[in-house]
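Architecture at a glance
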Amino acid sequence: MAFVSALFILFYIKERTTRAKLLQFVSGVNVTLFWIISYLWDYFVFVLSALCYIVTLAIIQQDGWSTFDQLGRVFLVLLFYAFSSLPVTYLFAYMFHVPATGFVKMMLLNVLSGTIFFTAVSLLRFDGIDLQDVADVLEWIFLFFPSFSLTQSMNALNMVGGREALCQRACEQITICTEELKCLLVPQCCGMSAFTFDQQTGINRNLLFFTGIGVVSFAIILLVDYRVVKKIFSRKPKTVDMSGDQGEIDSDVLDEKRRVAACSDVELSSYNLVLKELSKSYGKFVAVNKLSVGVRHSECFGLLGINGAGKTSTFKMMTGDENITDGNAWVNGINLRTDMNRVHKHIGYCPQFDALLEDLTG
């Protein structure tokens, strides 16, 4: 399952780095709808993988992993694991730029958290080591990793399934076997259930963590793509210093600057596009330096410039691909800095390079 859950990261890294996702948002695709549909499809694919795993267990008929109830519990845990691991994978997709690298590192994280973390907690609980308190603290921390919760849940199901197999063998030795008699012969058979909050044999705590992590991760994804996170953590816009960088400015450029500067808030709505003192800097490097442009309705406007003049950076700011460092911009009177998702409903965008996914048809 570490491999399966990590596999989904490939597509989302590629979709983001090729700007295919941005192109969909600019085309008017709702952010929430985009992620819900993506999640439902990925969940469906994961369920198919989980069913293959369940069928394999049913064929093997291993004690503790063979009855309908036992396989049903395993399938339920896998469903909850998918609910949490998919949004976590989506979040990690923002951290990588190469799909293969993201997949390998995500798979290693799943394997590490699912095996090494679980082994470490188990070793610390040995009587000879006597670090139960440390193990408990680490366990609560590691529960935030879906793969750790999955391993812990499977271990609990294995213990419960083993007890059930033991009780069944004890019951087979008696002509008439009842639950009371089975409980009397084997005390471990009394009140045996995986759906408890028991630290060793219960899975309820893990199911709660699966649910919580899935909901929180999905909420963070929406906050990221609705640019709420950028607004919260973005620094105060810098004022780009124009001194010494302007050179000789053409008269028509100065006229355009004055015209845009004189625009009132009411006049902004009469323009299709207004860029007012728009600036973009990457550290100390100034890519766009106080660009002012006003494009009225029915006008056709071309932005020309030599390589490195800042054309691409300007369009990235206008589509929301990059934050505006300083200045402001409006589309049909809608502010790009405060309402980019609404702006997307009013614009179309043809990127510099092909942003269509290779596997799309039609």
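What you are looking at is a predicted structure, and each value in this text was computed from that prediction instead of being measured.

**A short note on the packing of aromatic side chains**
Across all of its chains, the model carries 19 aromatic pairs by this definition. Between Trp41 and Phe44, the aromatic rings sit 5.7 Å apart at their centres with planes inclined by 35°, giving tilted as the arrangement. Note that Trp41 and Phe44 are positioned in helix H4 (residues 31–60) at a spacing of 3 residues, about one turn of the helix. Taking 5.6 Å as the distance between ring centres and 65° as the angle between the ring planes, the aromatic pair formed by Phe142 and Phe148 counts as edge-to-face. Overall, Phe142 belongs to the buried group, its relative accessible area being 11%.

**Here's the deal with the nonpolar core**
Trp35, Val74, Met154 and Leu157 are the most contacted members of the largest nonpolar core, which totals 51 residues. Ala287, Val288, Leu336 and Met340 belong to the second-largest nonpolar core, a separate cluster that totals 16 residues.

**Thoughts on the UniProt feature "transmembrane region" (unreviewed entry) in the protein chain**
Under the local residue numbering, the UniProt record ascribes the feature "transmembrane region" (unreviewed entry) to residues 36–60, 72–96, 102–125 and 207–229. In this annotation, residues 72–96 is assigned 88% helix and 0% strand; the end-to-end C-alpha distance for the span is 36 Å. The straight-line gap between the two end C-alpha atoms of residues 102–125 is 34 Å; of that span, 96% is helix and 0% is strand.

**Some words on the pattern of salt bridges**
Applying the stated criterion across every chain, the model contains 11 salt bridges. Across the salt bridge formed by Asp255 and Arg258, the nearest N and O atoms sit 3.2 Å from each other. Of this pair, Asp255 and Arg258 both sit in helix H12 (residues 251–261), separated by 3 residues, roughly a single helical turn. With relative accessibility at 47%, the residue Asp255 sits in the partly exposed group. Through salt bridges with shared partners, one network takes in Arg125, Asp136, Glu139 and Arg205.

**Details of the side chain of Arg205**
Within the secondary structure layout, Arg205 lies in helix H10 (residues 204–225). The exposure class assigned to Arg205 is buried, which follows from its relative accessible area of 12%. Discounting chain neighbours no more than four positions away, the residues touching Arg205 are Glu139, Trp140, Leu143, Gln152, Thr196, Phe197 and Gln199.

Conventions and cut-offs
Residues take numbers from 1 onward in each chain, read along the sequence in its written order. A pLDDT threshold of at least 70 governs which residues receive local features in this predicted model, and a stricter bar of 80 or more applies before side-chain atom pairs are shown or counted, although totals over entire chains, interfaces and linings include all residues. Water and hydrogen atoms play no part in the side-chain values, which are based on all heavy atoms of the structure. Any pair of Phe, Tyr and Trp rings, taking the six-membered ring for Trp, is counted once the centres come within 6.5 Å. Such a pair is stacked with planes under 30 degrees apart, edge-to-face with planes over 60 apart, and tilted for the rest. Helix numbering and strand numbering both begin at the N terminus, where a helix is a DSSP run of H or I of at least 4 residues and a strand a DSSP run of E of at least 2. Burial classes: relative accessible area under 20% of the type maximum marks a residue as buried, over 50% as exposed, and values in between as partly exposed (1.4 Å probe, protein chains only). In these notes, a set of buried Ala, Val, Leu, Ile, Met, Phe, Trp, Tyr and Cys residues joined through side-chain atoms within 4.5 Å is what counts as a nonpolar core. UniProt positions are given in the numbering used here, feature names are shortened, and annotations may be inferred rather than shown by experiment. Here a salt bridge means any side-chain nitrogen of Lys or Arg lying within 4 Å of a carboxyl oxygen belonging to Asp or Glu. Whether two residues are in contact is decided by their heavy atoms: any pair within 4.5 Å suffices.

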